[in-house]
Structure formats: C-alpha cells, structure tokens
Amino acid sequence: MTEFAESAESNLEPRLPVYDAIRRRRDVRAEFTGKPIAENVLERILGAGHSAPSVGNTQPWDFVVVRDPATLHSFADHVADARLRFAQSLPEERKKTFDAIKIEGIRESGMGVVVTYDRGRGGQHILGRHTIDDTGLFSVVLAIQNLWLAAVAENVGIGWVSFYDESYLTELLKIPEPVRPIAWLCVGDVAEFQQVPDLERFGWRGRRPLADAIHFEKF
Ligand SMILES: Cc1cc2nc3c(=O)[nH]c(=O)nc-3n(C[C@H](O)[C@H](O)[C@H](O)COP(=O)(O)O)c2cc1C
C-alpha cells in the first residue's frame, strides 16, 4: 500500500506512476471485499473515464451505476446461464480448465458500472468517424481503460463482464435506442490485486511475448 499517497477516503487524488498502474491493473473477480467505496472515489474514477479522448470529441459514453441488489442478482443469474452455454460449447479438456475459472464478481463487488455507447451523440457529421465507423466504439473503450487505470490508483478493482446478451442488459437497465451497453464493470474495494492474470494462473491462456506483437515496416 505504500505506493498510495492518499487513502481511498481522502478528498485528494492518490498518486501512482502510470507504469505502476498499468503493471498493477488486473481484471478482478474473486478479490472483492464487499466494502462500499466512497462516493468521491467513484466520482474520480468516472471522471477519469470521462477524460478519455473521443472521435470528433463526441464523448459518446455514459456510465450507469447499479447498486440495487435485485438488479445485481438478476444480472448475475443471467450471466450464470451464459457461462453454462459457453461451458457446454467447449471440448472436454477445455471445459475442465474453464470450470475452475471465476468469470465475474457481480454480487461480491456490490456495484456495477455499465458503460454505454451512444452512436447518435454529436449529430450526423462526426469529425473522423466518416471513414471508420468503429471509432465511436473505440472511444468508449478508451474511457473504460482510463477508468480502469484510475481505479487501480484508488485501490479499487474492476472486473469486465461480457457473458451476457446485449438485449437482456438493454432491457434490464432501460437503455434507450440507439444507445448500446458496451461493458458491465464490477467495481469495488479489493483485498489485493493478483500478480498474474486469472486466465494465466488457471492455464487458460497466457500473455504472448512483446516481441511477437511488434512489427517493423510491414506487418
Ligand atoms: C472486452 C473484454 C471482455 C472481457 N470479458 C470478461 C468476462 O466476461 N469475464 C471475465 O472474467 N473477464 C473478462 N475480461 C477480462 C479478461 O479475461 C482479462 O483482461 C484477461 O484475461 C487479462 O487479464 P488481466 O486483465 O488481469 O491482465 C474481459 C476483458 C475484456 C477487455
């Protein structure tokens, strides 16, 4: 905890060098304590998300904060079904590995933040999106990464859940057309950050070497 200059309850932003935040960041599933996080901490994290770059400066994201236990339970049940469907689609060996992996901490975190994408924001003439429509979506994902790293600095865990049907989540949260939910993020206080990603620890897939990802001049 020595890296954190300020406690989570402080009104001051904690300072954590960016490379340390990048290294420490994990997708959190099992380490949520259930302790509520302070409102000013949540606001700072969402503020970091809201500071992201976006195509044509459209800021096409919104953040839906979900704390109602009934909604958390409904969503967790839906995700459990989606998990089962995925497990049933796997060959036996893969299924065995997958069975040990926790894929969400929806109830344990006590809070979900659903990040949405409004393709309609900014009107028809979006500077920079006329050539690549996906840039709107990319902008939302940058907001997610910003808030994910800020959360690390606040000692708050984030767990991205994508095991759901988009239409289900749209209905559950009454998200209006044409807005799309892009991610359900479990957000909460954590006991610790794992040093090795869960999918690596449980033998699903590790990180490939950086050298394999870098290309010079041509792909
Ligand atoms: C778009 C996206 C969707 C993801 N969906 C899930 C998910 O449904 N459940 C889960 O446990 N992790 C999910 N993750 C987390 C990844 O499994 C995790 O980022 C990856 O294994 C690397 O681990 P790390 O984030 O701890 O470095 C998702 C991550 C991304 C970027």
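Everything that follows concerns the structure shown earlier in this document.
Residues numbered from 1 in each chain as written. Predicted model: local features only at pLDDT ≥ 70, side-chain atom pairs only at ≥ 80, totals over all residues. Heavy atoms only, no water.

A.B. asks: Just to check I follow, could you spell out the packing of helix α3 (residues 69–88) against helix α4 (residues 92–99) for this structure?
C.D. replies: Two quantities define a packed helix pair, namely the angle between the axes and the distance from one axis to the other. Where α3 contacts α4, the axes come no closer than 9 Å and their chain directions differ by 150 degrees. Overall, the two elements α3 and α4 adopt an arrangement that is roughly antiparallel. Contacts between α3 and α4 involve R83, F86 and A87 on the former and, on the latter, K95, F98 and D99. Here the contact of α3 with α4 is composed, by residue class, of 3 nonpolar, no polar and 3 charged. (Axes fitted to C-alpha atoms, helices over the stretch in contact; angles between N-to-C directions. Helix = DSSP H or I, 4+ residues; strand = E, 2+ residues; numbered from the N terminus. Parallel < 35°, antiparallel > 145°, perpendicular 65-115°, else oblique. Contact = heavy atoms within 4.5 Å. Nonpolar A, V, L, I, M, F, W, Y, C, P; charged D, E, K, R; others polar.)

A.B. asks: What is the right way to read the packing of aromatic side chains from this model?
C.D. replies: For any pair of aromatic rings, geometry is given as the distance between the ring centres together with the angle between the planes. Under the criterion given, the structure shown has 8 aromatic pairs. Ring plane angle 85 degrees and centroid distance 5.1 Å describe the contact between F86 and F98, whose orientation is recorded as edge-to-face. On the criterion of sequence distance, the pair formed by F86 in helix α3 and F98 in helix α4 is long-range, its members being 12 residues apart. Aromatic rings pair up to connect F86, F98, F163 and W204 into one cluster. Over the ring of W148 we find R25; its NZ or CZ atom is 4.6 Å from the centre of that ring. (Phe/Tyr/Trp six-rings, centres within 6.5 Å; stacked < 30°, edge-to-face > 60°. Lys NZ or Arg CZ within 6 Å of the ring centre and 35° of its normal.)

A.B. asks: I tried to follow a nonpolar patch on the surface on my own but got confused; where do I start?
C.D. replies: On the surface, a cluster of nonpolar side chains totalling about 330 Å² of accessible area is made up of V18, Y19 and I22. Mapped onto the secondary structure, Y19 falls in helix α1 (residues 18–24). When its relative accessible area of 60% is taken as the criterion, Y19 is described as exposed. (Patch = residues over 30% accessible without salt bridge, like charges linked within 9 Å, V, L, I, M, F, W, Y side chains within 5 Å. Areas by Shrake-Rupley, 256 points an atom, 1.4 Å probe, with all protein chains shown as cover. Salt bridge = Lys/Arg side-chain N within 4 Å of Asp/Glu carboxyl O. Buried < 20%, exposed > 50% of the residue type's maximum accessible area, 1.4 Å probe, protein only.)

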